[in-house]
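Chain by chain, the residues run as shown.
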Amino acid sequence: MELFDVYTTYDIAPVSAKGYYLFDGEGKKFLDLYGGHAVISIGHAHPVYVKKLVEQLDRLAFYSNSVISPLQQQVADMLETESGCTDYSLFLCNSGAEANENALKLASFYTGKSRIVAFKNGFHGRTSAAVAATDNSAIQAPINKQHAVSILALNDLVSLEKTLENGDVAAIILEMIQGVGGLDEPEPGFLDSLYKLAHQYGALVIADEVQSGFGRTGKYFAFQHFPQQPDIITMAKGMGNGFPVAGLLIHSKIEAKKGMLGTTFGGNPLACTAVLSVIEVLAKENLLENATKMEAYFRKKASALSLPLQVKGKGLMLGIDFGFPVKDLRANLIYIHQIFTGSSKNPNVLRILPPLNIDEQALDQLFDALKTELS
Ligand code: PLP
C-alpha cells in the first residue's frame with residue numbers, strides 16, 4: 001500500500017533521539033533546532049517523561065470520558081498554578097486544529113453568531129472552520145469555504161472595526177506571534193484596540209497558542225507578553241512533547257454547557273501524563289527562563305554575522321529574515337551540517353523552534369554553520 005503524500009520530506013529517517021539530538025539508522029547525529037515543528041518542548045526522551053509514561057502505560061492507558069479522571073484534574077490544577085491563568089476551565093482534545101475548531105464552535109454557541117475574523121498569514125489548522133480561518137485558499141476545499149470568514153491585514157484597525165460593526169462576528173482568532181506565517185506579531189496598540197472592539201461588539205477573542213504556548217516564547221503563553229486576557233486560549237504542540245494532546249482554556253464568563261464539546265480520546269491517561277511531565281520539567285528546569293536567555297544569545301550571535309538581516313520572534317520561537325530565499329541554505333544546513341531548522345510562508349525566513357533546554361553550544365553550532373554557508 002502506498003502512503004498518502006502528506007508533505008515534501010527531507011531524505012532522512014530518524015530512528016532515535018535524545019535531548020536536542022536526532023539519530024538516523026546509521027548513527028548519524030542531527031542537531032534538532034526544529035523540534036518537529038515546535039513540538040519537542042522538554043527535549044527528546046526526557047527521563048521524567050519516559051518514566052512517567054511507561055508507568056502510566058503499565059497502569060491504565062485508556063478509558064473514556066464517561067468516568068472520573070483524577071489525572072485531568074491534576075493537569076487543570078498544575079496548569080492554573082504554573083501559567084497563572086486562574087479564571088478558566090480546561091477542555092482537553094487531541095490536536096491544534098481540533099482545539100481551534102472547538103474554540104470557534106464554542107464562540108459561535110456563546111454569541112449566537114457565525115462570522116470569524118482572522119488575519120493574513122495566520123495558520124489555525126486543517127479542520128473545517130480552522131482551515132477556513134487560515135490564510136491559505138490552496139488548502140481549503142469547497143466545504144470549508146462555506147464558513148463566514150473575514151481575513152484582515154494584521155494591525156489594520158480600520159478594517160477590523162468595519163467588520164465588527166456588521167454585528168455578526170462570533171470570534172476574532174489570532175496568533176500572538178505568527179508561526180507558519182513567518183513570525184509577524186500584532187502591535188501592542190492594535191491588540192489593545194482589538195480587545196476593546198471585540199468586547200464592544202460582543203465577539204470573543206481566541207488566542208491561538210498552539211505553537212507559541214507552553215513556554216515557547218519565554219512566557220507560559222505568548223499573550224502574556226501583553227496586558228490583556230483572551231476569552232479562549234488554544235494549545236497543543238509543546239504541551240505533550242510529542243504525545244498528541246491539545247486543549248482549550250475557556251474563560252469563566254463563557255457559559256459552556258455540557259454537550260457543546262465532546263471527545264473520545266481527549267484527556268486520556270497517557271495524554272494527561274505527558275502534559276503533567278511537561279509542566280513539571282518546564283518548572284523544575286527553568287525552561288521559560290532558558291528560552292529568554294537563549295533568545296538574547298541568538299540575537300547577539302545573529303548581529304555578529306554583520307549582515308543586513310532581521311531577527312524575528314520571541315524566546316525560542318525565533319527566525320532570521322535574510323532578505324533572500326533560504327531554501328538552499330536550509331538544505332545545506334541539514335545535509336552538510338546536520339542541523340534541522342524550520343521554514344515559513346515567508347521564503348526569506350529561517351526559523352528555529354528547538355527544545356527549550358538547548359544551550360549556547362547548540363546555537364554556536366548553528367552560527368558556525370551559517371558563517372560557513374554565508375561566506
Ligand atoms: N495553530 C497554529 C498556530 C499552528 O502552528 C498549527 C500547526 O502548525 C495549528 C494550529 C494546527 O495544529 P495541528 O497540526 O496539531 O492540528
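All figures in this text were calculated on a predicted structure; none of them were measured in a lab.

Caption draft 1: Highlighting the site of the ligand. The ligand sits among 15 residues. The nearest are Ser95, Gly96, Ala97, Gly125 and Val210. Among the elements that line the shell around the ligand, the one with the most residues is helix H4 (residues 96–111), at 3 residues. Looking at side-chain class alone, the shell around the ligand contains 5 nonpolar, 8 polar and 2 charged residues.

Caption draft 2: Structural view of the sheet that holds strand E7 (residues 169–174). Strand order in the open sheet made by the 7 strands is E4-E10-E9-E8-E7-E5-E6, with mixed pairing throughout. Where the open sheet ends on each side, the last strands, each with one partner, are strand E4 (88–93) and strand E6 (149–152). If you compare each strand with its neighbour and ignore which way they point, the axes differ by 20° on average. The sheet contacts of helix H6 (residues 157–165) involve strand E5 (115–119), E6 and E7, and relative to E6 the element is tilted by about 165°.

Caption draft 3: The arrangement of the packing of H6 against helix H7 (residues 188–201) in detail. Orientation of H6 relative to H7, taken along the N-to-C sense of each, is 10°, at an axis distance of 10 Å. In terms of axis orientation, H6 runs roughly parallel to H7. Residue-level inspection shows Leu157, Leu160, Glu161 and Leu164 of H6 in contact with H7, the latter providing Phe190, Ser193, Leu194, Leu197 and Tyr201. The residue inventory of the contact of H6 with H7, partitioned by class, reads 7 nonpolar, 1 polar and 1 charged.

Caption draft 4: Region of the structure containing H7. The end-to-end C-alpha distance of H7, which contains 14 residues, comes to 20 Å, matching closely the 20 Å that a straight helix rising 1.5 Å per residue would cover. All of the buried residues in H7 are Leu191, Leu194, Leu197 and Ala198. One side of H7 holds all its buried residues, which, seen down the axis, span an arc of 130°. When the buried face of H7 is taken as reference, the exposed residues oriented beyond 90 degrees from it are Pro188, Gly189, Lys196 and Gln200. Lining the buried residues of H7 we find H6, E7 and strand E8 (204–209). Positive phi shows up at Gly202, right after H7, with a value of about 75°.

Cut-offs applied
- Residues numbered from 1 in each chain as written.
- Predicted model: local features only at pLDDT ≥ 70, side-chain atom pairs only at ≥ 80, totals over all residues.
- Near = placed C-beta within 6 Å.
- Helix = DSSP H or I, 4+ residues; strand = E, 2+ residues; numbered from the N terminus.
- Nonpolar A, V, L, I, M, F, W, Y, C, P; charged D, E, K, R; others polar.
- Pairing = 2+ DSSP bridges.
- Axes fitted to C-alpha atoms, helices over the stretch in contact; angles between N-to-C directions.
- Contact = placed C-beta atoms within 7 Å.
- Parallel < 35°, antiparallel > 145°, perpendicular 65-115°, else oblique.
- Expected span 1.5 Å × (residues − 1).
- Buried ≥ 20, exposed ≤ 12 C-beta atoms within 10 Å, placed from the backbone.
- Arc of directions from axis to C-beta.

By themselves these figures say nothing about function.
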